[in-house]
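# Structural overview for review
So the chains spell out like this:
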Amino acid sequence: MAKGDKEPLPIYESEPPEWLPKIHATADLGYIGFYPPRPNEEEELLTERNVRDGLAITVPVLAESYSAQDNVRNRLAHENGLSELEELMSQIFARRAENVPPIPPSTFRMPSRVTLNDTKRQAWFADLANPEVPLYKLGKNVPHGAKGHDLLDLLHTNNVAIPRAVWFLRVFGGNETTGLRNKPMYNPTQYSVDWANVVTSYMKKQLADIALPSAPRPGLNIKQTFKGVLADPESRARWISRFTYCLSLLRTFYAEGLVDNRTFLAWLVQQMGNCNLAQLGFVARLADEYLEGMLVSRAFTRPFVDACLHKLSELRTTFAKDHLGNVDLMLGNLISRCFLALPDAFVSPRTWISYSKLLEEILLEDLAIDPSDSTSAQNAHILHQTFTDHFADVKSRNEAMLFRHLPPRTPGGLSSNLADIKLLNSLSGKTAIDTVVFFTGVAEFPVEFVHKLDTLLTWSVTSLQYGDHRPYAAACLLREWRIKAGERAIRHDVASPDDQIQDQLFDWLDTSDDAANPAHLCAVSLLFGQLVKRGLFSYQKYIQRLIARGEPGLSFAQEVKSRHQSFLRWIPLHDSCSSLINQRKVTLYGVRARETPEDLNEREIRREIRALLPELFGGSPQSTETITTTFWSSCNALLSSPRFEQVRMIKQWFLPVLRRSISSHMEDTLEPSETSAGLLKTYTLATVLMARVRCYGSMLDLTLFTLEHTYNHDLLTVVIETIRQHMEIWACMNVMKTLAGALYAAHQLFRTRGVQTRALLTLLIEVDNERHLEPTVREQILADISAYTRALYPINQRSDAVPLVLPEILLLATDPNPEAPSNLAKSLWYKYMTAADWAWKVWDNTIASLRQIPVMIEDVDGRRVCALRYANFLSHVDQHLPRGFDDQVLEWFLGSGKNEVAALSADAWDVVSVVLLHLSVCGALTTTSILRGLIYPVWGSGATAVSVEQGQALEVCLAAVNTLFEHLLLKDECGTGLPPMDLFQAQGLQTRRRDVFREPHFSSLIENLPSLVLVEQNQYLSDPLRQSSSSLRQNIGVYCDLDTVRRAFERLLECRDIPDMSHEPLVAALRLMLHDPGQGATSDNGFQVVSSLLSPWKLAATAIEIRLTLKQLGEGLSRETTRATADATLDKVAAFVFQSCRPAEVTDFVAEMMTEVSRDVASKFLNAGLSHMTAMLNGPYSLSKADGMVQFVDNAGEILRLLAKIVERFRDDASLPQLTPPTAFDHVAQVRSESEDCSQTAIFLARLLQFDLGFPGAWTTRAKTLIEELCSALHMLALLPVFELSDLPPDMPPEFRTRLRTLLPYVAPNVAVSDLAYTTRDSSCPQPVQNRPWEWTEHLGDAPAGIDEQHASPRNTTSLALELVGARATGDALVHMRGPSARRTCQDDFGGESVFARDWRETRVRPPADRAGTPRAAREDSPAPGPPRAGTVSPVSSVRTRAGSARTHSAPSSAGSLRPSPAHPPSRLSVSTAGEPIDVDALDGAGAAGRSAKRKTSEDDEVEIVEGPVAARPAKKTKTKVAAKTRAKKR
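Treat the numbers as computed from the prediction; the structure is a model and nothing was measured.

What the protein chain contains, in helices and strands, is 63 helices and 4 strands. Taken across its 1531 residues, the protein chain has 43% of its residues classed as buried. Of the contacts made within the protein chain by residues no fewer than 6 positions apart, 74% connect residues no fewer than 24 positions apart. Put simply, the protein chain shows about 82,900 Å² of open surface, and 54% of that area lies on carbon and sulfur atoms.

Let us now look at the side chain of R164. Within the secondary structure layout, R164 lies in helix α7 (residues 162-176). Buried charge without a salt bridge: R164, with D127 as the nearest opposite-charge side chain at an N-O distance of 7.7 Å. Among the polar contacts made by the side chain of R164, one reaches the main-chain carbonyl oxygen of L128 at a distance of 2.6 Å. Discounting residues that sit within four places of it in the chain, R164 has contacts with D127, L128, N130, P131, V133, L135 and L138.

When the terminal C-alpha atoms of helix α42 (residues 906-922) are compared, their 25 Å separation across 17 residues agrees well with the 24 Å that a helix rising 1.5 Å per residue should span. Of all 17 residues making up α42, 13 are buried, and the element is well covered by its neighbours. Among the residues trailing α42, G923 stands out with phi positive, at a value near 90°.

With that settled, the discussion passes to the packing of helix α54 (residues 1144-1153) against helix α56 (residues 1186-1207). Axis separation between α54 and α56 bottoms out at 9 Å; the angle between their running directions is 15°. Relative to α56, α54 is oriented roughly parallel. Between α54 and α56 lies a crossing of right-handed hand. Between α54 and α56, the contacting residues are A1144, T1147, D1148, V1150, A1151 and E1152 on the first element and E1198, R1201, L1202 and K1205 on the second. For the contact of α54 with α56, the per-class residue count stands at 4 nonpolar, 1 polar and 5 charged.

This part covers the nonpolar core. Counting residues in hydrophobic clusters, the biggest one holds 121 residues, and the most contacted among them are L505, F528, L531, Y542, F654, M690 and W730. Ranked by residues supplied to this core, first place goes to helix α28 (residues 643-666) with 10 residues. When residues no more than four places from it in sequence are discounted, the contact partners of F654 are I609, L613, L616, M649, A686 and M690. Within the second largest apolar cluster, 92 residues are counted, among which are W843, C866, V901 and L969.

What follows concerns the packing of aromatic side chains. Between two aromatic rings, the relevant description is the distance of the centres plus the angle of the planes. All chains considered together, the criterion is met by 42 aromatic pairs. Centroid distance F528 to F537: 5.1 Å. Interplanar angle 85°. Geometry classified as edge-to-face. Taking relative accessible area as the criterion, F528 reaches 0% and is therefore assigned buried. A relative accessible area of 3% places F537 in the buried class. A connected cluster of aromatic rings, assembled from ring pairs, spans F506, W508, F528, F537, Y539 and Y542.

Our next topic: the environment of T455. For T455, the position within the fold is in helix α18 (residues 447-461). Its relative accessible area of 4% is what places T455 among the buried residues. Sequence-wise, T455 and L424 are 31 residues apart; in three dimensions their C-alpha atoms are separated by 10.0 Å.

Moving on, we come to a nonpolar patch on the surface. A grouping of V72, L76, L82, L85, L88, M89, I92 and F93 is seen on the molecular surface, where their side chains present a nonpolar patch of about 730 Å² in accessible area. Elements represented by at least two residues in the nonpolar patch include exactly α2 (69-78) and α3 (81-99). When residues of the nonpolar patch are assigned to their parent elements, the largest contribution, 6 residues, is made by α3. Tracing the backbone shows I92 in helix α3.

In this section: the pattern of salt bridges. In a structure, side chains of opposite charge can pair up when their charged atoms sit close to one another. Summed over all chains, the structure comprises 55 salt bridges. With a closest N to O distance of 2.5 Å, E728 and R998 form a salt bridge. Here E728, found in helix α32 (residues 727-732), pairs with R998, found in the loop between α46 (983-996) and α47 (1001-1017); they are 270 residues apart in sequence, far enough to count as distant. Of the residues examined, E728 reaches a relative accessible area of 15% and is grouped as buried. Residue classification places R998 among the buried positions, given a relative accessible area of 15%. Here the salt bridges share partners, and the residues they tie into one network are R285, D288, E292 and R337.

This next bit is on the packing of helix α26 (residues 597-612) against α28. Close contact between α26 and α28 brings their axes to 10 Å; oriented N to C, the two are set at 50°. One finds that α26 runs oblique with respect to α28. Crossing of α26 against α28: the hand is right-handed. Facing α26, whose interface residues are P597, E598, N601, E602, I605, R606, I609 and R610, α28 presents F644, E645, R648, M649, W653 and F654. When grouped by side-chain class, the residues that make up the contact of α26 with α28 number 7 nonpolar, 1 polar and 6 charged.

So, about the environment of L1012. Mapping L1012 onto the fold places it in helix α47. Note on L1012: relative accessible area 0%, which makes it buried. Sequence separation of L1012 and G940 is 72 residues, and the distance between their C-alpha atoms is 7.8 Å. Once residues lying within four places of it in the same chain are set aside, the contact partners of L1012 are W939, S1029, L1032 and R1033.

Residue P980 is bonded to the preceding P979 through a cis peptide linkage, with omega at 5°. Looking at the secondary structure, you find P980 in the loop between α45 (955-969) and α46. Backbone geometry places N159, a non-glycine residue, at a positive phi of 55°. Among the secondary structure elements, N159 is positioned in the loop between α6 (148-157) and α7. Its identity is not glycine, yet R694 carries a phi of approximately 60°, on the positive side.

A separate point is the environment of D800. Looking at where D800 falls in the secondary structure, it is placed in the loop between α35 (775-792) and α36 (807-811). Taking the C-alpha atoms as reference, D800 lies 7.8 Å from A835; in sequence the two are 35 residues apart. Ignoring any residue separated from it by four or fewer positions in sequence, one finds D800 in contact with K831 and Y832.

Before going further, it helps to spend a moment on the confidence of the model for the protein chain. Taken over all residues, the pLDDT of the protein chain has a mean of 80, while the share at 70 or more is 79%. Residue range residues 1076-1086 is modelled with pLDDT below 50. Its contacts to residues more than four positions away, or to other chains, number 18 contacts. This model gives residues 1381-1391 a pLDDT under 50, and the stretch forms 15 contacts once residues within four places in sequence are excluded.

Under the counting rule described, the total for this entry stands at 0 disulfides. The thiol of C308 is not disulfide-bonded; the next cysteine sulfur, from C338, is found 6.4 Å away.

Calculation criteria
- Residues numbered from 1 in each chain as written.
- Predicted model: local features only at pLDDT ≥ 70, side-chain atom pairs only at ≥ 80, totals over all residues.
- Heavy atoms only, no water.
- Helix = DSSP H or I, 4+ residues; strand = E, 2+ residues; numbered from the N terminus.
- Buried < 20%, exposed > 50% of the residue type's maximum accessible area, 1.4 Å probe, protein only.
- Contact = heavy atoms within 4.5 Å.
- Areas by Shrake-Rupley, 256 points an atom, 1.4 Å probe, with all protein chains shown as cover.
- Lys, Arg positive; Asp, Glu negative; His and termini not counted.
- Salt bridge = Lys/Arg side-chain N within 4 Å of Asp/Glu carboxyl O.
- Polar contact = N/O pair within 3.5 Å; in protein donor to acceptor, adjacent residues only side chain to side chain.
- Expected span 1.5 Å × (residues − 1).
- Axes fitted to C-alpha atoms, helices over the stretch in contact; angles between N-to-C directions.
- Parallel < 35°, antiparallel > 145°, perpendicular 65-115°, else oblique.
- Left-handed = near helix turned anticlockwise from the far one by under 90°.
- Nonpolar A, V, L, I, M, F, W, Y, C, P; charged D, E, K, R; others polar.
- Core = buried A, V, L, I, M, F, W, Y, C linked by side-chain atoms within 4.5 Å.
- Phe/Tyr/Trp six-rings, centres within 6.5 Å; stacked < 30°, edge-to-face > 60°.
- Patch = residues over 30% accessible without salt bridge, like charges linked within 9 Å, V, L, I, M, F, W, Y side chains within 5 Å.
- pLDDT = per-residue confidence, 0-100.
- Disulfide = S-S within 2.5 Å.

Next comes the structure, spelled out in structure tokens:
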């Protein structure tokens, strides 16, 4: 370098201050917040863009649009990111735990005991009682001396406050247990048990002061004076003060565990049972306070309830009950609270036997509420309903334990079928079919629905049930269900049930044996015809499905025959199209078939109908005299054709012809009588024909059409008879509303003509049944009936008294005038219309006149003609009565008419029979009245005839009533000389006959059938008469009401007037009526049919037969002559029952049949059943193996249920069936031997033993020898399995867990954890802390002053050592919340604030503490300190930019955020931010020598040096470097 040249200046190199820490201790990452310029950096390049636009650094990551979610998700899902994060956090926590200081050992010391003299002790207790003396002055030591009761008396005498007394007693107890703590079997809570005994004995001693005077002993003349402690005011106050102080101490003792809760509650329960009535009020108040503790354990609650019930019962029977009303109410409340909280405690057979009535009175009484408070009323209703439900549950459980009412089992298939069949058989003409719910409790298509549908379909077609209404009922019930299911499907937006119904019906046709039975083919076709008609079954889908699955044998040309061929051939199509008919024809007969059997049958049917009713087709009508009741036999083709042809011809051909004929009759110009007769004949023959082929739909259409065009009374009568005759069918077709409307329209039509018909009004009211007509219409009908009644029976007129003898009635026999009967009836009505008994006397005189006819007229035909004249006269009399004279005739038969009937001769009976039959035909007399008033009494007289003379006297009468019964109920012929004379009268008789088989009349018929059986067996009657009675009985069906049949025959078996030899014929006759002729003979005992006839269709008849057999055997045991035979038979029957009746359904069936057996029969079955169970215990069952145990419990359980059901009805009284001693001893001995090795069957064996020992014959001398061993066995059976709540499944419902908790040993509930959920315990957690109530006393010291609680180390100075609960320091300091600005980033506030609010909060910087309260203006105006010394660096602790917070003159900024925009990341020239803290504590020289300085800031940037340490060493000269040449872009 030349001389004179100046040495070039060294290039300035920026270096960080010495106090600035590095970013990383080992890696060369630079310094915090220090970014010196470097050559060749981007900001040093002078590019055109940088010069023109300024420096703009390219953003490496688009913060606004970039998201790392995909990268994070892939890392977590595929690169084991979660495991790595978990491992990282585990290491962080582990290293953190290593640096945390340990918990110091406990420094707590229990105050020691010292022995003081009396003065000092008294002074010490005085200080303890003085609240001004702090306890920490007394806590160095406590006096030693008094114990137990004396110590409690000392505290009470000094009136020590309860908290201070508890502290002293705790310290006292802690010193007592000091010497025991180091022993290996030390129990910290044992002293609580000892102290509980001290407290309870102290309270018992005080309660003992309340005594009652002893009762005077007879014979001792000793004067006694009684003075109670509560009688004297001074002693009363002293006693109450001490007892109240003791109770106050007890509350704290109980709450803090100083008194063992189990010991105290056990004493309280015992005290409730042992106290007298004077102590009862105090004990009850004490129990009311501590009841919650008892309710957690059944071991406390059940004896407490027993004690309360015993005391309440004693209180209500004592003379002092009027003075103890409050105690009575309190005991009732205690029982109610126990019942509401723990109903299981009331499940106790002994308690239930003794106090069930008292419990019902307490728990089910109405609650006293304020009527004006609706909320209280609602709560009271809910509470009362809860009591009712719990009481019903407790009652059922107690009665089950007492074998009174065992819990009902879920009905099986057999029981469900019986219930369904009973419901279906209850359908009648008065049933509203749309309200009957058959498919109850089933969803859309589960197994239960399929089962019920099979029952419904089988019931409608089987020959074992009766009634043409069944297919219509089945179709209607299914349709009603389909409508509701369709509505439900629409609401739930699911598929319609139509396809499912189609599939289920097809499956039934495809698989059901009843459907495949050829005898049921006609019924099946009728049923499915109705299903097709109602849209429930698609005939077209049926054919298509058969073709699609390739069903073989559908065509008649094939050799193989399918069951579906007959269904396709027979099922009718009510509304069919030509395409469906052609498809059916091709399927059955092939494509080439020209003429089918249907065509031939239809031509033959047309020919037969044209021959029967030629007038419909332009021919001459036949004479009605030539038509018989069996005219339908001439229509063989119609009756024998498949139902397809029958429905097609009747509905599509015959019915339109009938309608045209009826319409033409309305316009006919012939005589009205001839027109009416022709129309009457046509309608009658058509309806009879339709009834024979069961085309009731067409009959209904014809009837409604005829009713609409009826203008004649005779035709109206026939229509009414037709409607009444088939009421069940109309009800099951659900057309009663339509019928009611049509009948009302006919009534209105006749009413406008001035005609009132009693039969029409009666039928209209019956059909309506207060359901279908409008209320105004119904009121109008009732008004018309009332007007009709007043017209025939005017109450405002007087008439002459009716004489006993009316000679004009006798003169009628010789009057040939055809109008004579009508005229005589009118004249009698006009004379005696207001007399109540004029019809009765007319009937009496008529019978007297009929007795004279055989004398007046010799030939039989003349007598019958004369009898018809009288019958016509009586029918006119009936028309002149508002309600007819049926009731009066019945009254006459049951009264004075008995003697008149008995005096009738055979010829007179012939005349009277003609009159009765004609009156029944025309409806003046009902068949049921003739049966009740005449036939049944005569049968009863014949059954009780006990001599030949009585038999001969009844011969004529019995023969006449049997003949009359046969004509009324059995014969269908007409024109035999007796009514009915023609087909039209026969229809009237059929209508009256149908009423006999409806309730309640059918029950009367059944109840009198046993009398008919006795007539058969009466040896004093002639053989022809007995044979005729037998023939009548065999032709009567009884399946409509089998229960009535059973009761009727049982009543006769119980009757002592019936000879023993008649019992067997009665049972045989019943069996003959119950079983089909082709069924074969039954067994002698009747029980063997149980296993072979478990069909729901025959089970009812089987049950009746077995019931009657048991009744017969029971009556046989009560008679000396038949006792031996009945005893042997019962032994066989019982052995058969217990060996064969194993399935549950059979057991329930047999048990139901034995519910009403006699006590002797029950004893037989009881001994046989226990003997059989003893044999089972000795038999092949191995109770030590699981399979043998399950099999034994199942079989023996069914026998035990059967025996309990048999004995159940005898448990209400004191006379149980007798158990034979050998049977009882063998059973007890076997149970004892098995109970030693069979712990798995302990409960069942205990139940067997309980059942056995409950009978009077069980406690024999031999059985008592087993008592000691039996007691040990019972003790073993009573042991419960030991488990804890933690062993229960975690998913067990809380209510079940709570109930199991009450069965475990009592553990005092901990208030701190009472509501916590059960969770699995972490293995790293410490073991549960053992309760040490006497060692954990209060900490009386204060925290030392001057220690920062935020950074102070934990102190372990309390009696509850921190190591017991696994306490450890975490290294975290408590954050003192002083406003929202104090919250820092370590807090998780995502749930309470938005992302933007959190971002704003976390980017704020709190000002330094020395400037927090100084205004900004003051800070800016304060003089700056002097510049720092040379060679030193400004000691700052942080360097931060204030560009965002300072307001400059050139560029005002917004609310100063310290974070830059995401689009412009901070440059290296920027200073550190709040997100880059400086660890000041790690710097050297961080003492108090820090100084503050302030330098001049630029216009755009202000850097504030807050504080910093003084440099530890002077600044070194750095070596200068040549500055790098600046690169610039050439212009």
